[in-house]
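# An overview of the molecular structure
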Amino acid sequence: MKPAAFDYVVAESLQEALAALSDAGEGGRVIAGGQSLMAILNMRLARPDVLVDISRIEGLNEIRHNRDFVEVGAAVTQAQLLDWPHLEATLPLLAKALPHVGHIQTRNRGTICGSLCHADPSSEIPLVLALLSGDIVLQSRSGIRTLQASSFQVGMLTTAKRHDEIAIAARFPVRRPGHGYAFAEFNRRHGDFAIVALAAIADGKSVRLGVGGVADVPTCRDFASLSGEPLDAALNDFAWECGGYDDIHATSRHRRELVRRLGRKVIEEAVRCRA
């Protein structure tokens, strides 16, 4: 299938993009890389009246390293961030997760903010932002607002972004001294969406574990017990808390078992990386 007819606006400035989006009302959609959106348009799961292209807007393709976070502009591709020379030193968890995102070809076009706005519960980038308690910066003609990841993704493929807003940047908190980071996922083939993805941060006293692909949104929990039966019991409780769902790839029971088994490995790796 091919997309239904729509108007196409190539914005040369953020103000032009915001104006076009505001004029389009609920019939407007934003495109930067289009790796998720084009598939949805081709299947006619979405039929926008206007598509606003922000990929050429100056300033949106920049990576800015501030003291407490790295700000990634809306047009920064996954490949661009993966090739950023400071990625491993400042965002080690994202450095571990990005090679699992799609394939080389899709990473060359797909954007960081586009993945966050698509809000697939199995996607790696929303999981990392949620675990790091990062932020999304949204702008409309009426102003700018910043939402934490936990407030931004509110359901499967659903965010708190309003139809007249553009996610102009994502902010990932930088690496903290003495912390260890780990990431793992289970899928049928490399590059597929994860059946279950897990990420962890260890600080010496506890570990924060995040899970994607089980609930409708990335789910995070702190673990004080890091070994033995107490950890197994806590992981079991967490797996049931996430719930899970059945689809053509796995059953909810399989997903919960992956949380139990992979969760232990990811926690142990995060603790080792801290040492």
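See above for the structure.
The present account deals with the structure reproduced in this document.

### Re helix 11 (residues 252-274)
Because the α-helix completes a turn every 3.6 residues, residues three or four places apart line up on one side. Helix length check: helix 11, at 23 residues, gives a terminal C-alpha distance of 32 Å against a target of 33 Å (1.5 Å per residue), a fit within 8%. Maximal helix bending in helix 11 amounts to about 30 degrees, located at Leu262. Regarding helix 11, the residues found buried are Ser252, Arg255, Arg256, Leu258, Val259, Leu262, Gly263, Val266, Ile267 and Ala270.

### As for the environment of Ser151
When you line up the elements, Ser151 lands in helix 9 (residues 149-152). Judged by its relative accessible area of 40%, Ser151 falls in the partly exposed class. A sequence separation of 40 residues divides Ser151 from Thr111, and the C-alpha atoms of the two residues are 21 Å apart.

### Digging into the sheet that holds strand 2 (residues 28-31)
An order of 1-3-2 is seen for the three strands of this open sheet, with the pairing classed as parallel. Where the open sheet ends on each side, the last strands, each with one partner, are strand 1 (7-10) and strand 2. Here the average twist between neighbouring strands, direction ignored, is 25 degrees. Here four bridges tie strand 1 to strand 3 (residues 50-53), and the two strands are oriented parallel to one another. Directly across from Val9, in strand 3, lies its bridge partner Val52.

### Things to note about the sheet that holds strand 14 (residues 219-223)
With respect to topology, four strands assemble into an open sheet ordered 11-12-13-14, the strand pairing being antiparallel. The two strands at the open ends of the sheet, each matched to only one other strand, are strand 11 (180-186) and strand 14. Within the sheet, the average angular offset between the axes of one strand and its neighbour, ignoring direction, is 15 degrees. Across the sheet, helix 10 (residues 228-242) is in contact with strand 13 (207-212) and strand 14; its angle to strand 14 comes to roughly 160 degrees.

### Regarding the nonpolar core
Ile54, Leu81, Leu93 and Phe172 are the most contacted members of the largest nonpolar core, which has 58 residues in total. If sequence neighbours within four positions are ignored, Ile54 has contacts with Ala17, Val30, Ile31, Ala32, Leu60, Ala74, Ala75 and Ile166. In terms of nonpolar packing, the next biggest core, distinct from the first, is built from 25 residues, Leu231, Ala239, Val259 and Ala270 among them.

### A look at the packing of aromatic side chains
One pass over the full model with this rule turns up one aromatic pair. When the ring centre of Phe223 is taken as reference, the NZ or CZ atom of Arg221 above it lies at 5.6 Å. If you follow Arg255 out to its NZ or CZ, it ends over the ring of Tyr245, 4.2 Å from the centre.

### A short note on the pairing of strand 13
Most of strand 13 sits out of view: five of its six residues are buried. Here six bridges tie strand 12 (residues 196-202) to strand 13, and the two strands are oriented antiparallel to one another. Along strand 13, the bridge assignment pairs Ala197 with Gly212. The antiparallel hairpin formed by strand 12 and strand 13 contains four residues in its connecting segment, where Gly204 sits at a positive phi of about 100 degrees.

Rules used throughout
- Residues numbered from 1 in each chain as written.
- Predicted model: local features only at pLDDT ≥ 70, side-chain atom pairs only at ≥ 80, totals over all residues.
- Heavy atoms only, no water.
- Helix = DSSP H or I, 4+ residues; strand = E, 2+ residues; numbered from the N terminus.
- Expected span 1.5 Å × (residues − 1).
- Bend = angle between axes of the 7 residues up to and from the residue.
- Buried < 20%, exposed > 50% of the residue type's maximum accessible area, 1.4 Å probe, protein only.
- Pairing = 2+ DSSP bridges.
- Axes fitted to C-alpha atoms, helices over the stretch in contact; angles between N-to-C directions.
- Contact = heavy atoms within 4.5 Å.
- Core = buried A, V, L, I, M, F, W, Y, C linked by side-chain atoms within 4.5 Å.
- Phe/Tyr/Trp six-rings, centres within 6.5 Å; stacked < 30°, edge-to-face > 60°.
- Lys NZ or Arg CZ within 6 Å of the ring centre and 35° of its normal.

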